[in-house]
Amino acid sequence: PPQLTAATAMDAFSHAAECITGLIQNPHTDALCSYGIRQIMTWAPVCMKEPENIEARQNMMDAANLIGIGFGEMGCHLGHAIGQCMGAAFHTTHGISCAWPLPAVMEYAAVSEPEQVKLVADYMGLTYDPDITPEGIGKLVSDEIKALMKRIHIKPMTEYGITREAMVGIADIVM
């Protein structure tokens, strides 16, 4: 189903982006996650437009599998902490709950880990000025993640009835 396809694509993407921007990196997980991000950027929109496209689904399955190996070694961080709490509080699916905070999490991560967020941008196929500020790279990656979510029809939180006040209300359990 389209929403399941979109949710699993964004869950895998979230795993990869959080793994790359975590406090501990290694070449093995970066290689697995970089491949996965490239595949998701290419094939997730195809899966949504052509649900019977076996090549697209195979590439997405490979991406999710390899990212899973990478994140199994490194783990995730703030995006999944928020996503887990959103799922519990609002009864939303895991992939969607992890997708929603990811743009803001990448902006936040860029302040302390700009080189790692630049890697995410590179793997997404983005171009930027080499002298881009940490805030600039965070916004660039954030905007492109939002664009990807729109391309694969991830509905905004407001369509689920989740308000700003409700999000502030779960802050304590996120921490």
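Residues numbered from 1 in each chain as written. Predicted model: local features only at pLDDT ≥ 70, side-chain atom pairs only at ≥ 80, totals over all residues. Heavy atoms only, no water.

1. Re the environment of Leu 102
No. 1: For Leu 102, the position within the fold is in helix α6 (residues 102–112).
No. 2: Between the C-alpha atoms of Leu 102 and Met 10, which are 92 residues apart in sequence, the distance is 9.2 Å.
No. 3: Setting aside residues no more than four positions away along its own chain, Leu 102 makes contact with Met 10, Phe 13, Ser 14, Ala 17, Glu 18 and Ile 145. (Helix = DSSP H or I, 4+ residues; strand = E, 2+ residues; numbered from the N terminus. Contact = heavy atoms within 4.5 Å.)

2. Notes on the nonpolar core
No. 1: Counting 49 residues, the largest nonpolar core has Met 10 and Phe 13 as the members making the most contacts within it.
No. 2: When contributions to this core are tallied by element, the ones reaching two or more residues are α1 (2–20), α2 (27–49), α3 (54–74), α4 (78–90), α5 (94–99), α6, α7 (114–123) and α8 (134–151).
No. 3: With 10 residues, the top contributor of residues to this core is α1.
No. 4: In contact with Phe 13, not counting residues within four places along its chain, are Ile 37, Ile 40, Met 41, Leu 102, Met 124, Ile 145 and Leu 148. (Core = buried A, V, L, I, M, F, W, Y, C linked by side-chain atoms within 4.5 Å. Buried < 20%, exposed > 50% of the residue type's maximum accessible area, 1.4 Å probe, protein only.)

3. Side note on the pattern of salt bridges
Pairing is possible between side chains of opposite charge, provided their charged atoms come close.
No. 1: Inspection of every chain in the model, using the stated rule, returns 3 salt bridges.
No. 2: Of the charged contacts, one joins Lys 118 and Glu 115 as a salt bridge, the two residues approaching to 3.4 Å between their closest N and O atoms. With Lys 118 and Glu 115 both in helix α7, this residue pair falls 3 residues apart, about one helical turn.
No. 3: Of the charged contacts in the structure, one is a salt bridge between Asp 143 and Lys 139, with a shortest N-O distance of 2.9 Å. Taken together, the residues Asp 143 and Lys 139, both in helix α8 and 4 residues apart, mark about one turn of the helix.
No. 4: A relative accessible area of 34% places Asp 143 in the partly exposed class.
No. 5: For Lys 139, a relative accessible area of 43% puts it in the partly exposed group. (Salt bridge = Lys/Arg side-chain N within 4 Å of Asp/Glu carboxyl O.)

4. What about the packing of aromatic side chains?
No. 1: For the structure on display, the rule yields 1 aromatic pair.
No. 2: Between the aromatic rings of Trp 100 and Tyr 160, the centroid separation amounts to 5.0 Å while the plane-to-plane angle is 75°, which identifies the pairing as edge-to-face. Here Trp 100 is found in the loop between α5 and α6, whereas its partner Tyr 160 is found in the loop between α8 and α9 (164–169), with 60 residues between them in sequence.
No. 3: Note on Trp 100: relative accessible area 9%, which makes it buried. (Phe/Tyr/Trp six-rings, centres within 6.5 Å; stacked < 30°, edge-to-face > 60°.)

Purely geometric numbers; function is a separate question.
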